[in-house]
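# Secondary and tertiary structure notes
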Amino acid sequence: MNWLTKLIPTFRKSNKKKKSKIPDGIWSSCPSCESALYQPELEKTLYVCPKCDHHLRIGSRLRLEIFFDDAKFTEIAAEVSATDFLNFKDTKKYTDRIVDAQKKSGETEALLVGSGKLNGRKVTAAAFEFNFMGGSMGSAVGEKFVQGVKVAMKEKTPFICFATSGGARMQESMISLMQMAKTSAVIQKFKKMNLPYISVMVDPIFGGVSASLAMLGDINIAEPKAFVGFAGRRVIEQTVRVELPEDFQKSEFLLAHGAVDMILHRTEIKSKISGLLEKIL
């Protein structure tokens, strides 16, 4: 071994990655103000940034656990899952996308429905899972929603839906669009029983879901700065050739124009809905 060979190892970079002193999952970053957020403190604020009040996106199961008393609820239509009616394939098979979405979200579908108690009152609630293919509504989502409303009709309970979605699921074509009519029809039957349907719109909510079940509440509620609409901002601007207001499609804009009834901070939703139900029922 010559003198050059002896020197070379001293100049080589180590392949070993330095381990972070901060354990995974302890810290995260706010998507709005980019502040470092400590996970235990974030849980206390119900995943609302304490620095800028930005409402972080949360999963459907956590949403219902926060909403129901003692985080307990009985799941409805848990066995319902998507079917590939059309043997659809784009860059990936639809069946493969479903499997990937289930692994990513930890849920079997883009909607979770359950019954439990809200401040001692029995209620039925549904929550969309945005991590499951953008919360898109296909046949399984429509069926789970309908079964949930039917349970509420049978047990004569209020029905609350937390909607966040990109719209109808393109992989199911007309079958997914049909869910707009299906969910709207069961809501109408529900209302005829004089039972309250409360819709809570969560960022973001667009497409077929916003044009059906999300806007049909007896009371329509939105979280702060949630984007709510049918088509996206750029699509509208390119179609009508008009520059839209900066706050267009935000929940505050919708409230000012009468499209929603109220905006509630996440920490107020449970108590406020409970209070509304006390007045209605």
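See the structure above.
Bear in mind that the values here come from a model prediction, so they are computed numbers and not experimental data.

Our focus in this paragraph is the overall build of the protein chain. Scanning the protein chain from terminus to terminus reveals 10 helices and 9 strands. Summarising its shape, the C-alpha atoms of the protein chain cover approximately 90 × 45 × 45 Å along the three principal directions. Residue burial in the protein chain is summarised as follows: out of 281 residues, 44% are buried. For the protein chain, restricting intrachain contacts to residue pairs at least 6 apart in sequence, the fraction spanning at least 24 positions comes to 67%. Once the 41 positive and 31 negative side-chain charges of the protein chain are each reduced to a mean point, those two points are 6 Å apart.

For the rest of this paragraph, the subject is the environment of Ala36. Its place among the elements puts Ala36 in strand 2 (residues 36–38). Taking the C-alpha atoms as reference, Ala36 lies 40 Å from Glu172; in sequence the two are 136 residues apart. With sequence-adjacent residues up to four places away left out, Ala36 is seen in contact with Trp27, Ser28 and Lys51.

Once that is clear, we can look at the layout of surface pockets. The space that makes up the largest pocket amounts to roughly 290 Å³. Lining of the largest pocket is provided by 14 residues; of these, His54, His55, Asp203, Pro224 and Lys225 occupy positions nearest its centre. A breakdown of the residues in the lining of the largest pocket according to their chemical character gives 6 nonpolar, 2 polar and 6 charged.

Considering the arrangement of structural elements, one finds His265 in the loop between strand 9 (262–263) and helix 10 (266–280). For His265, a relative accessible area of 18% translates into the label buried. A polar contact of 2.9 Å, which involves the side chain of His265, links it to the side chain of Asp53. Separated by 2.8 Å, the side chains of His265 and Thr267 make a polar contact. Here His265 is in contact with Val48, Asp53, His55 and Pro224, once residues within four sequence places are set aside.

Conventions adopted
- Here the residue numbering is sequential within each chain, running from 1 through the sequence in written order.
- With pLDDT at 70 or above as the cut-off, local features in this predicted model cover only qualifying residues; side-chain atom pairs require 80 or more to be listed or tallied, and sums for whole chains, interfaces and linings still use all residues.
- No hydrogens and no water enter the side-chain calculation; it runs on all heavy atoms of the structure.
- Here a helix means four or more residues in a row that DSSP labels H or I, a strand means two or more in a row labelled E, and each is numbered from the N terminus.
- Remark: exposure states derive from per-residue accessible area (1.4 Å probe, protein chains only) relative to the maximum for the residue type, with buried under 20%, exposed over 50%, and partly exposed in between.
- Contacts are assigned to residue pairs that have any heavy atoms within 4.5 Å of one another.
- Charge counting treats Lys and Arg as positive and Asp and Glu as negative, with His and both chain ends excluded.
- Charged groups are reduced to one reference atom each: NZ for lysine, CZ for arginine, CG for aspartic acid, CD for glutamic acid.
- In this analysis, the protein atoms alone were mapped onto a 1 Å grid. Cavities are point sets where a 1.4 Å probe fits without being able to get out; pockets are open sets with protein on both sides within 12 Å along at least five of seven lines; lining residues have an atom within 4 Å of a point.
- Grid points are joined across faces, edges and corners, and a volume is the space filled by probe spheres set on the points.
- Residues are grouped as follows: nonpolar covers Ala, Val, Leu, Ile, Met, Phe, Trp, Tyr, Cys and Pro; charged covers Asp, Glu, Lys and Arg; every other residue, Gly included, is treated as polar.
- Any pair of nitrogen or oxygen atoms within 3.5 Å is treated as a polar contact; in protein, a donor-acceptor pairing is required on top of that, and neighbouring residues in sequence qualify only through side-chain atoms on both sides.

Function cannot be inferred from these measures alone, as they are strictly geometric.
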